[in-house]
Amino acid sequence: MKTVAFHTLGCKLNFSESSSISRMFEDSEYRKVGFSEKADVYVINTCSVTANADKECRQIVKSALNKSPDAFIVVIGCYAQLKPDEISNISGVDLVLGASEKFQLLKYLDNMSKKEIAEVHNCEIENVDSFESAFSANDRTRSFLKVQDGCDYNCSFCTIPLARGKSRSDSIDNVIENINKIAGKGVKEVVLTGINLGDFGKTDSNESRPTSVNTRQESFYKLLRNLNDVTTIERFRISSIEPNLLSDEIISFVGMAERIVHHFHIPLQSGSDNILRLMKRRYNSKLYRDRVIKIKQEMPDCCIGVDVIVGFPGETEDDFLTTYNFLNALDISYLHVFTYSERDNTEAKNLEGVVPIEIRKKRNKMLRILSAKKQRQFYTNHLNDTRPVLFEGDNKNGFMHGFTDNYIKVKTPFNPDLVNQLIKVKLDCIDVNDGTVNVLQPLTVE
């Protein structure tokens, strides 16, 4: 059997797509191996958000060829759509596939002889309008399920619309069909993923439904209702949702739903309304604050994660301190902090007020320290609670890990009987070494 190996960069959506493409290989009698092993074909699924994408891609290609000099190297993903010619000039790359073509990868492998110049197959992003289902199946604990793709927003710093195309999504019926397949593999938790998840409901044809905000929210709300009412998966988690698409109706439903966990990840990017305008975000700080307050009113135990970008062009010290103080005052649980980096073909690259790199790094560090304090306080608030934990199969220094429904990371002495089991545990104490919450009592599967 021929062998294939995958290396995936970037978001959960990329991981779900890599997993689906790998199953296509397995159905065609390839054997999947680890990327550190020798393989006949290496597939590198790239990301446009990753800084120094060209350098990173070159290093990964070199690593693959060191293990297998005659291997056929394929590069797919967002970076492949944005800069195919740049990738084709990387020594050792044989095939570059764009946003639509990556799902047809197998048909391009009739001739796997090494190429002097890489073949490039991609269409204009304006022509990418079909939706391709995908879900991960490598981890029987949880699966990342793609239900939406693309984005109609045009934030001034973002290349994703150029790499992913217009907003489009799966049908609810097909989502449920995929969930039934996932459930058949013994998976306990499904993470709903998309580029702009709250925009769920737009079809893959020119007959897209009306684009009013209320219609979009109702469509995502309808999806959640169906997942809660007609599927057997024990836990659903929402990966990320824009604050302007997170309605009171959705928040209230999650608060009472049996299967949807109390965890939201809501991008903010900046607490300064001036910077939000420059970023061309579709909300202001008041709307964001109102969303957090509403969530905590409905679900005091809810975990709320926040994306923030520091060092955006024009971000003064006052703007940054406004963001810092805004986040410090909010009842949130953790931050994902990104240092702004320039991207070709974005409006932000041409904005005035470039922030020096050393100041960007300083601001990033300040927010990461704030994040650690927020997370520790959130964990402390829930000590002595009894909550369901889904345990994973890792064995690190004699311990295994899992997450509560509200996304508290827990560890306990390794017990293979607990893997992929939902167990109610008492949250005893925070481990000072790694910040996880210890479960001290012996655990058994009922």
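Now for a quick tour of the structure. Computed from a predicted structure; not experimentally measured.

The rules behind each value
- Every chain's residues receive numbers from 1 upward, in the order its sequence appears when written.
- Given that the model is predicted, a residue must reach a pLDDT of at least 70 before its local features are reported, and side-chain atom pairs must reach 80 or more before they are shown or counted; all residues, however, enter totals for whole chains, interfaces and linings.
- The basis for the side-chain values is all heavy atoms of the structure; hydrogens and waters are excluded.
- Counting from the N terminus, the helices are DSSP H or I runs at least four residues long and the strands are E runs at least two residues long.
- Taken over C-alpha atoms, the radius of gyration is set against a globule rule of 2.2 Å times the number of residues to the power 0.38.
- The buried label applies to any residue whose accessible area, calculated with a 1.4 Å probe on protein chains only, is under 20% of its type's maximum; exposed applies above 50%, and partly exposed to all values in between.
- In this analysis, two residues are considered to be in contact whenever any of their non-hydrogen atoms come within 4.5 Å of each other.
- To measure how exposed things are, a 1.4 Å probe is used in the Shrake-Rupley method; for residues, cover is taken only from the protein chains shown.
- Residues scored as charged are limited to Lys and Arg (positive) and Asp and Glu (negative), so that His and the chain ends carry no count.
- All charge positions are set by atom: Lys at NZ, Arg at CZ, Asp at CG, Glu at CD.
- What is meant by a nonpolar core is a set of buried Ala, Val, Leu, Ile, Met, Phe, Trp, Tyr and Cys residues, joined one to another through side-chain atoms within 4.5 Å.
- Only protein atoms enter the calculation, which uses a 1 Å grid: trapped sets of points that fit a 1.4 Å probe without letting it out are cavities, open sets showing protein on both sides within 12 Å along at least five of seven lines are pockets, and any residue with an atom within 4 Å of a point is a lining residue.
- Grid points are joined across faces, edges and corners, and a volume is the space filled by probe spheres set on the points.
- Residue polarity follows a fixed list, in which Ala, Val, Leu, Ile, Met, Phe, Trp, Tyr, Cys and Pro are nonpolar, Asp, Glu, Lys and Arg are charged, and the others, Gly among them, are polar.
- Ring geometry is summarised as follows: Phe, Tyr and Trp rings, the Trp one being its six-membered ring, pair when their centres sit within 6.5 Å, and such pairs are stacked at plane angles under 30 degrees, edge-to-face over 60 and tilted between the two.
- Any two strands with at least two DSSP-identified bridges between them are counted as paired.
- The axes are straight lines fitted to the C-alpha atoms, using for helices just the contacting stretch, and the angles between their N-to-C directions are given from 0 to 180°.
- What sets the label is the angle itself: under 35 degrees gives roughly parallel, over 145 gives roughly antiparallel, 65 to 115 gives roughly perpendicular, and the rest give oblique.
- In the sections that follow, a salt bridge refers to a side-chain nitrogen of Lys or Arg positioned within 4 Å of a carboxyl oxygen of Asp or Glu.

Some remarks on the overall build of the protein
Move 1: The secondary structure content of the protein amounts to twelve helices and 21 strands.
Move 2: Its C-alpha atoms give the protein a radius of gyration of 22 Å, near enough to 22 Å, the size a compact globule of 446 residues would have.
Move 3: Classification of the 446 residues of the protein by burial places 55% in the buried group.
Move 4: Across the protein, the fraction of contacts at a sequence separation of at least 24, relative to all contacts at a separation of at least 6, is 72%.
Move 5: Split by element, the accessible area of the protein, about 19,700 Å² in all, is 47% carbon and sulfur.
Move 6: Each charge class in the protein was averaged separately, 58 positive and 61 negative side chains, and the resulting centres sit 4 Å apart.

Some remarks on the nonpolar core
Move 1: Phe 264 and Leu 367 are the most contacted members of the largest nonpolar core, which has 53 residues in total.
Move 2: Here Phe 264 is in contact with Ile 238, Ile 241, Leu 246, Ile 251, Val 254, Ile 295, Met 299, Cys 302, Cys 303, Ile 304 and Gly 305, once residues within four sequence places are set aside.
Move 3: Within the second largest apolar cluster, 24 residues are counted, among which are Ile 60, Ala 64, Ile 73 and Ile 90.

Some remarks on empty space enclosed by the protein
Move 1: Enumeration over the complete set of coordinates arrives at one cavity of 30 Å³ or more.
Move 2: Together, Ala 99, Ser 100, Lys 102, Phe 103, Val 128, Ser 130, Glu 132, Lys 146, Asp 149, Arg 164 and Arg 168 line the largest cavity.
Move 3: By residue class, the composition of the lining of the largest cavity is three nonpolar, two polar and six charged.

Examining the packing of aromatic side chains
Move 1: Throughout the structure, instances matching the rule amount to twelve aromatic pairs.
Move 2: Judged by centre distance (6.0 Å) and plane angle (40°), the rings of Tyr 334 and Tyr 407 are tilted. With a gap of 73 residues between them, Tyr 334 in strand β15 (residues 334–339) and Tyr 407 in the loop between β17 (399–404) and β18 (409–413) connect regions that are remote in the sequence.
Move 3: Their ring planes at 10° and their centres at 4.7 Å tell us that Phe 403 and Tyr 407 sit as a pair that is stacked.

Quick notes on the sheet that holds strand β21 (residues 437–438)
Two strands in a sheet stick together by hydrogen bonds in their backbones, pointing the same way (parallel) or opposite ways (antiparallel).
Move 1: Strand order across the open sheet formed by six strands is β19-β16-β17-β18-β21-β20, with mixed pairing between neighbours. The sheet terminates laterally at β19 (422–426) and β20 (429–430), the two strands that pair on one side only.
Move 2: Where β18 lies against β21, two bridges are found, and the strand directions are parallel. By the bridge assignment, Lys 411 is partnered in β21 with Asn 438.

Regarding the packing of helix α11 (residues 317–329) against helix α12 (residues 357–381)
Helix-helix packing is characterised by the crossing angle of the two axes and by the distance between the axes.
Move 1: Taken N-terminus to C-terminus, the directions of α11 and α12 make an angle of 5°; their axes are 11 Å apart at the nearest point. Classed by the angle they form, the pair α11 and α12 counts as roughly parallel. Listed contacts from α12 to Glu 317, Phe 320, Tyr 324, Leu 327, Asn 328 and Ala 329 of α11 are Arg 363, Met 366, Leu 367, Leu 370 and Lys 374.
Move 2: Here the residues of the contact of α11 with α12 sort into seven nonpolar, one polar and three charged.

With respect to the sheet that holds strand β11 (residues 189–193)
Move 1: Here we have four strands laid out as an open sheet, ordered β7-β8-β11-β12, and mixed in their pairing. Strands with a single pairing partner mark the edges of an open sheet, and in this sheet they are β7 (134–135) and β12 (235–238).
Move 2: Pairing analysis gives four bridges linking β11 to β12, with the strands arranged parallel. Along β12, the bridge assignment pairs Val 190 with Phe 236.
Move 3: Set on the sheet, helix α6 (residues 172–184) makes contact with β7, β8 (142–146), β11 and β12; between it and β8 the angle comes to about 160°.

Some details on the environment of Ser 247
Move 1: On the secondary structure map, Ser 247 appears in the loop between β12 and α8 (248–256).
Move 2: Residue class for Ser 247 comes out buried when judged on its relative accessible area of 8%.
Move 3: Along the sequence, Ser 247 and Arg 291 sit 44 residues apart, while their C-alpha atoms lie 8.2 Å from each other.

A short note on the pattern of salt bridges
It is possible for side chains of opposite charge to pair when their charged atoms get near one another.
Move 1: Summed over the entire model, instances satisfying the criterion amount to 27 salt bridges.
Move 2: A salt bridge links Arg 142 to Glu 392; the shortest N-O distance between them is 2.7 Å. With Arg 142 in strand β8 and Glu 392 in the loop between β16 (386–391) and β17, the pair connects residues that are 250 residues apart, well separated along the chain.
Move 3: Looking at Glu 392, the relative accessible area reads 17%, which means it is buried.
Move 4: Between Arg 291 and Asp 248 there is a salt bridge; the shortest N-O distance is 2.7 Å. In this pair, Arg 291 is assigned in helix α10 (residues 285–298) and Asp 248 in helix α8, connecting sequence segments 43 residues apart.
Move 5: Using a relative accessible area of 12% as the deciding quantity, one classes Arg 291 as buried.
Move 6: Using a relative accessible area of 39% as the deciding quantity, one classes Asp 248 as partly exposed.
Move 7: Among the ionic contacts, a cluster of salt bridges with common partners joins Glu 17, Lys 102, Lys 146, Asp 149, Arg 164 and Arg 168.

So far we have only geometry, and geometry alone does not tell us how the molecule works.
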